[in-house]
Amino acid sequence: TLYYTLGANCNVTVNVYDTNSTLVKTIISATAQNAGERDLTYDCLNNAGMRVADGEYTLELTAAVGSETPAVRRIKFTVDILAPGLSECSVYPAVISPNSDGIKDYTTIIYKLSNPAKVNISLYKSGDRATIVKKIINNQLKEPGTESAVWDGRDSNNTFVPDGVYELDITAADDAGNVAVST
């Protein structure tokens, strides 16, 4: 939302441009507005009604009073609506026997990110999603690419978990709060 104050009655034009200075959308076109405080919300759509791509944009507000030189203000902003890509999630081996005998005592969790994101990997006992057995990764910033984490078969108290089926959630959140989830 853009908040602005007009010091006089004037004609207002508000346009959005991409990084190539190409007009993306005209929000207000030479519309008479009275002096005073105003607010404006951009819906992230272009002139054709399609959602714009995530990226950098410039909002340009022009206020013209009669034949005077118009006042122009430009504000740069970022559109970030898409959640980071979270793909190629796997666990290997899928069956472990964490008992310190050196055989299948741990498993590796592998995932791929398309953008930088804060990652959480939470482990649950199957059928009990209310109780986290262990946070394998807790809100760590990870860069794009393939990442991995190891679970050693222990809970948050560093105790080996009992035999059973366990599930995990991987979440990736970008700076705009968009979240991708893989279960």
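About the criteria used
- Residues numbered from 1 in each chain as written.
- Predicted model: local features only at pLDDT ≥ 70, side-chain atom pairs only at ≥ 80, totals over all residues.
- Heavy atoms only, no water.
- Pairing = 2+ DSSP bridges.
- Helix = DSSP H or I, 4+ residues; strand = E, 2+ residues; numbered from the N terminus.
- Axes fitted to C-alpha atoms, helices over the stretch in contact; angles between N-to-C directions.
- 1 Å grid on protein atoms, 1.4 Å probe; cavity = no way out; pocket = protein on both sides within 12 Å on 5 of 7 lines; lining within 4 Å.
- Points joined across faces, edges and corners; volume = space filled by probe spheres on them.
- Phe/Tyr/Trp six-rings, centres within 6.5 Å; stacked < 30°, edge-to-face > 60°.
- Lys NZ or Arg CZ within 6 Å of the ring centre and 35° of its normal.

Peer 1: Mind showing me how you'd approach the sheet that holds strand S12 (residues 166–173) here?
Peer 2: The strands making up a sheet are joined through hydrogen bonds of the backbone, oriented either antiparallel or parallel. The antiparallel open sheet is built from four strands, whose spatial order is S10-S9-S12-S13. Each edge of the open sheet is held by one strand with a lone partner, namely strand S10 (128–142) and strand S13 (179–182). If you compare each strand with its neighbour and ignore which way they point, the axes differ by 20° on average. Sheet topology places S12 next to S13; four bridges connect them, and they run antiparallel. When the sheet's bridge partners are listed, Ala172 is paired in S13 with Ala180.

Peer 1: Mind showing me how you'd approach the layout of surface pockets here?
Peer 2: Leftover empty space is mapped by rolling, across the atoms, a probe with the size of a water molecule. Quantified by volume, the largest pocket comes out at close to 330 Å³. As for the largest pocket, its lining consists of 17 residues, and the residues nearest its centre are Ala94, Ile96, Trp151, Gly164 and Tyr166. Counting residues per element, the lining of the largest pocket draws most heavily on S12, at three residues.

Peer 1: Would you mind showing me how to read the packing of aromatic side chains here?
Peer 2: For the structure on display, the rule yields three aromatic pairs. Plain terms: the ring middles of Trp151 and Tyr166 are 5.9 Å apart, the flat faces sit at 55° to each other, and that makes the pair tilted. Here Tyr166 lies in strand S12 and Trp151 lies in strand S11 (residues 145–151), a separation of 15 residues in the sequence. Aromatic ring contacts, followed pair by pair, group Tyr42, Tyr57 and Phe77 into a single cluster. Here the basic side chain of Arg129 rests over the ring of Tyr124, its NZ or CZ set 4.5 Å away from the ring centre. In this structure, Arg154 is placed above the aromatic ring of Phe160, and the distance from its NZ or CZ to the ring centre is 4.0 Å.

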